[in-house]
Amino acid sequence: MKDLDRMRSRQPASPAQALLAALMGALLFFLLVSIPARTLAQQPPPPEFHVEAVRGTGWNETSPPADGWTPVALPDSWAARWPGFDGVVWYRLTWDQPAEVTELGLLLQYLNMAGAVSLNGTPIWRDQSLVEPLTRAWNSPRYWLLAPPLLRAGRNTLLVRVSGLSAYQAGLGPVSLGAPAAMQAEYGHERVWRRDLQMLGLAVSAAVSAFFAALWAMRRRETAYGWFALMSVLWLLFGYNQIATSPWPFASNHSWQALNTSLLLLFSVSYAVFALRFCERRMPRLEGLALLVAVAGVLDLWLAGSANLLAHRAVWTLVGGLTIIAVNSAALIHALRHCRSPMRSLAPFMALSAATGAHDLLVFTQVIDSNIYYTTMSSYGLLLGMALTQAARFVQSLRRIENFNTELIEEVNTAKAELAATLAQQHALELAHARIGERVNLASDLHDGLGGMLVGSIATLERKPEKLSAPELLAMLKRLRDDLRLIIEATGQHDGTRAFGELLVPLRHRTSQLLDANGIDCRWQVSNIETLELPPSQSLDLLRFLQEALTNVLKHSASRRVDVAVTRTGAELQLSVRDDGRGFVVDGADKGAGAGLRSLRTRARRLGAELQLQSRPGQTQLALRMPLAAAS
């Protein structure tokens, strides 16, 4: 997986760049076709305006002062003429209309912030609120069709009332008068730049931020996606300033601008962290310092007060804007220096963002005389570039996966052939191991059963060879035969259960006779096994366990009495052999123990039973506890 992620991060962004070129071409075509019609065709020259302005005396006045008018040029910002003035400024535009009065189109590109318009004393438009909280009409072009009843032959007067705040470049934008078709085309062009592209950008920002937030939620280790989603949300809120028509929920535009600048500072920090994460880098100290500066800026903006907000807002806007330009520049340098950096796919979009950011800072500081900000529109190119980068990565990963599937199929077929050969060898080894195991089990059964009977018979012959009659020797041989028959029945093809009590009777009889013949008193206690049925292999293991235990008593204990107990208690079978011999040292490990003791432990493990062994001079006890449910 790490190799796959590394491979994806190194893929070239040629599909994204190709799509970007197509989008830029489509945008250029869109801009060309949206050029006002009056620039593409010869139109009669529009009337020349004589523009004058006068400062009002109060927020609620309904008519301009009679004197004090000053000639101005549009677009006009009254901050230079009347520094620090917040209130109402009246603009009077006059022109001479020919005697043949025809309908005209009137375009007002913008006014900052709210206003009202009248023509020859007749109101034709008014914003909703002309006092704080002012209607924010600064980015909304206006168009009217002036019919002959509103126009006069000769002198006409257009009166524009503007309510604004000096801190936010209050004033009046360009006003155009001409043929309705040309003015309507120019109005459409202005609306595209000032409203429609902003709305489109906000919609794209919302969709992309939701997509990357979901992507980060599914892949938490991809922290770059989470930071990209966060910065997209912050930019969405910041960009809303371009289309907002009211400072709601605030009571003044000062609070609105404090919020807007705070969002810019927080965005610049998240943008810097995103760029680091996208380059697979971490700089904790730098990130912490940037966050600390942003928090300090936010607190300063909200604590500055209305009187000082203008200067503080200007400082922190420059801090946020320069931070964004610095991040873009650093990302471009990183992309140029590292040919395999994932940042190379975003470099064209970041270069565009850096250029528009520098332009908008110059507009904000009024070095460039304009009212249009491009950063909000170009930043959506970064969102689109991120989406295209992910699409390119997905395509490259899909190709890699397809090739990987082909290679995997070949490797799987090779592995299948090798596995088949290995399984054949393993099967042969298992067969050989099974045969060896059967031989070992048969040898163990012969040792514990037939071997025990032989030991007992040899001991009897050694004890009194001259007193044994022919019937007694015959009986000894029959017991050996019966023991051999038991081994054959247990290792045969019979898989049915056998009554354990029936198999125990002949063993009890033979071992008792054998022990009595050697001077050992053998006493049996058998209870509750009349209905106990077990598979032959398990019955044989239990019988061989008892037989080997009693053989060890006969061979090694030098005892005079042995007590044997076979008891069924609930779902457990208990076997116990206790003698009064000389005892021995009990060792928990099989290493160093005799063949008989190892055989007893092996059978206990095979039966899934618990074996307990206690020995001291005068008493040795061997106990076996076997759960019948596990045995079944």
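These notes cover the structure that comes with them. Everything numeric here is computed off the predicted structure, so don't read it as measured data.

Rules behind the numbers
Residues numbered from 1 in each chain as written. Predicted model: local features only at pLDDT ≥ 70, side-chain atom pairs only at ≥ 80, totals over all residues. Heavy atoms only, no water. Helix = DSSP H or I, 4+ residues; strand = E, 2+ residues; numbered from the N terminus. Buried < 20%, exposed > 50% of the residue type's maximum accessible area, 1.4 Å probe, protein only. Contact = heavy atoms within 4.5 Å. Pairing = 2+ DSSP bridges. Axes fitted to C-alpha atoms, helices over the stretch in contact; angles between N-to-C directions. Parallel < 35°, antiparallel > 145°, perpendicular 65-115°, else oblique. Left-handed = near helix turned anticlockwise from the far one by under 90°. Nonpolar A, V, L, I, M, F, W, Y, C, P; charged D, E, K, R; others polar.

Side note on the environment of threonine 375
Along the chain, threonine 375 falls in helix 9 (residues 375-463). The buried category is assigned to threonine 375, whose relative accessible area is 14%. Not counting chain neighbours up to four residues away, the residues in contact with threonine 375 comprise Trp235, Thr356, Gly357 and Asp360.

Concerning the sheet that holds strand 3 (residues 76-77)
One open sheet accounts for three strands, arranged 3-11-6; its pairing is antiparallel. Of all the strands in the sheet, the pair left with one neighbour each is strand 3 and strand 6 (111-112).

Quick notes on the packing of helix 6 (residues 284-303) against helix 7 (residues 309-337)
Running from amino to carboxyl end, helix 6 crosses helix 7 at an angle of 160°, the nearest separation of the two axes being 10 Å. Classified by the angle their axes make, helix 6 and helix 7 are roughly antiparallel. In this structure, helix 6 crosses over helix 7, and the sense of that crossing is left-handed. Here Val293, Ala296, Gly297, Asp300 and Leu301 of helix 6 come into contact with helix 7, specifically with Leu309, His312, Arg313, Trp316 and Val319. Here the contact of helix 6 with helix 7 is built from residues that sort into six nonpolar, two polar and two charged.

Topic: unusual backbone geometry
Of the consecutive residues leucine 74 and proline 75, the connecting peptide bond is found in the cis state with omega at 0°. Locating proline 75 in the fold gives a position in the loop between strand 2 (70-71) and strand 3. Residue methionine 113 is reached from asparagine 112 by a cis peptide bond, and omega for that bond is 10°. In this fold, methionine 113 is placed in the loop between strand 6 and strand 7 (114-119). Of note in the backbone geometry, asparagine 120 takes a positive phi value of approximately 55° without being a glycine. For asparagine 120, a relative accessible area of 13% corresponds to the buried category. Unlike most non-glycine residues, asparagine 528 shows phi in positive territory, near 60°. On the secondary structure map, asparagine 528 appears in the loop between strand 14 (521-527) and strand 15 (533-534).

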